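Notes for the structure review
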Amino acid sequence: MFDWIKNINKEHPEFWKNYLEKFESKTKTKRYVILNTETSGLNPKKDVILSFGAIGIENDIIKVNDALELVILQYKYLHDNGLSNEFIIESSLPKFAEPTGIEELINYIGNATLVGHRIHFDIEMINEALDRIDCGKIKNEALDIEIMHQKLYEEINKPYSLDDLVKTYKIPVSEKNFALDDAYSMALLFLKLKSRLGF
C-alpha cells in the first residue's frame, strides 16, 4: 500500500546521484556516444545484456580514445538456456557482473546524446538493468540512425537493418564482429547522416 513512499525515500547508489547531477547544467553537451548493445534476445523483461560497445564523437570527430567495450557475465541466463559461454569466458574484454557493468556504462555515457540503431531498444534494456539495482531511467537524449535515414529519404515506415545502412552508405565493415566494431560503423553512419540532414 505504501510502496510509493518507499520509492520516494529510496537511497540510490552514489554513481546514480553523480549521473543525475550532470543533467542539472543548462549548457547542453556537445558529446555524442554511439552505443551498441548485444543482448540475449528482444524482450527487455526477460532477456539480458551480454556486452556493450560504445565510442564518443565530439565536433564531428570520432574519438577512438573515448571508447568503452565490456562483457557482462550473465551466468544464470547461460545456465538456464544451455548456451555456450565460450565467448564470455574466453573473451579478453573486461568482464563485469551486471550491476558493475551498468555502473561502468552510466559513468561513461554521462549526459551525452546517445546514438544507435534502434536505440530505444538499447535504452529499454539498460533501464531494466538499472531497475534491478534500484536506479531510475536514463535521462539522455537519443538519436536513431535508422530514423535519420528514413527522414532523409522520406521512407518513415520502411525498416532498415544495420547491414542495409552500412551497404547503402558504403561503410567499411570489420570482420571481427565485436560490439565496438559495430559501434564504430554506426559512428561513421551517424556522421554521414548528420551532415546530410544538416545539423
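Now for a quick tour of the structure. (Residues numbered from 1 in each chain as written. Predicted model: local features only at pLDDT ≥ 70, side-chain atom pairs only at ≥ 80, totals over all residues. Heavy atoms only, no water.)

**Some details on the side chain of Thr 37**
Secondary-structure assignment places Thr 37 in strand E1 (residues 31-39). Classification of Thr 37 by relative accessible area gives buried; the value is 10%. A distance of 2.8 Å separates a polar atom in the side chain of Thr 37 from a polar atom in the side chain of Asp 122. Setting aside chain neighbours within four positions, we find Thr 37 in contact with Ile 49, Ser 51, Phe 52 and Asp 122. (Helix = DSSP H or I, 4+ residues; strand = E, 2+ residues; numbered from the N terminus. Buried < 20%, exposed > 50% of the residue type's maximum accessible area, 1.4 Å probe, protein only. Polar contact = N/O pair within 3.5 Å; in protein donor to acceptor, adjacent residues only side chain to side chain. Contact = heavy atoms within 4.5 Å.)

**Some details on the environment of Ile 62**
Mapped onto the elements, Ile 62 comes out in strand E3 (residues 61-73). Each C-alpha atom of the pair Ile 62 and Leu 191 lies 8.9 Å from the other, and the pair is 129 residues apart in sequence.

**What to know about the packing of aromatic side chains**
The tally for this structure, following the rule as stated, stands at four aromatic pairs. Centre to centre, the rings of Tyr 32 and Phe 190 are 4.9 Å apart; their planes meet at 55°, and the pair counts as tilted. One end of the pair, Tyr 32, is in strand E1; the other, Phe 190, is in helix H9 (residues 179-197), with 158 residues separating them in the sequence. Taken individually, Tyr 32 and Phe 190 each receive the classification buried, so the pair is uniform in this respect. The rings of Trp 16, Tyr 19 and Phe 23 are connected pair by pair, giving a single aromatic cluster. Here Arg 31 stacks its cationic end above the ring of Tyr 108, 4.8 Å away from the centre of that ring. (Phe/Tyr/Trp six-rings, centres within 6.5 Å; stacked < 30°, edge-to-face > 60°. Lys NZ or Arg CZ within 6 Å of the ring centre and 35° of its normal.)

**Details of the layout of surface pockets**
Counted as a void, the second largest pocket has a volume near 190 Å³. If you go around the second largest pocket, you meet ten residues; those closest to its centre are Leu 162, Asp 163, Val 166, Val 173 and Asp 182. Broken down by element, the lining of the second largest pocket gets its largest block of residues, four residues, from helix H8 (residues 162-168). Broken down by class, the residue content of the lining of the second largest pocket amounts to three nonpolar, three polar and four charged. (1 Å grid on protein atoms, 1.4 Å probe; cavity = no way out; pocket = protein on both sides within 12 Å on 5 of 7 lines; lining within 4 Å. Points joined across faces, edges and corners; volume = space filled by probe spheres on them. Nonpolar A, V, L, I, M, F, W, Y, C, P; charged D, E, K, R; others polar.)

**Digging into the environment of Gly 101**
Locating Gly 101 in the fold gives a position in helix H5 (residues 98-109). For Gly 101, a relative accessible area of 0% corresponds to the buried category. Separated by 30 residues in the primary sequence, Gly 101 and Val 71 place their C-alpha atoms 7.7 Å from one another. With sequence-adjacent residues up to four places away left out, Gly 101 is seen in contact with Leu 70, Ile 72 and Phe 96.

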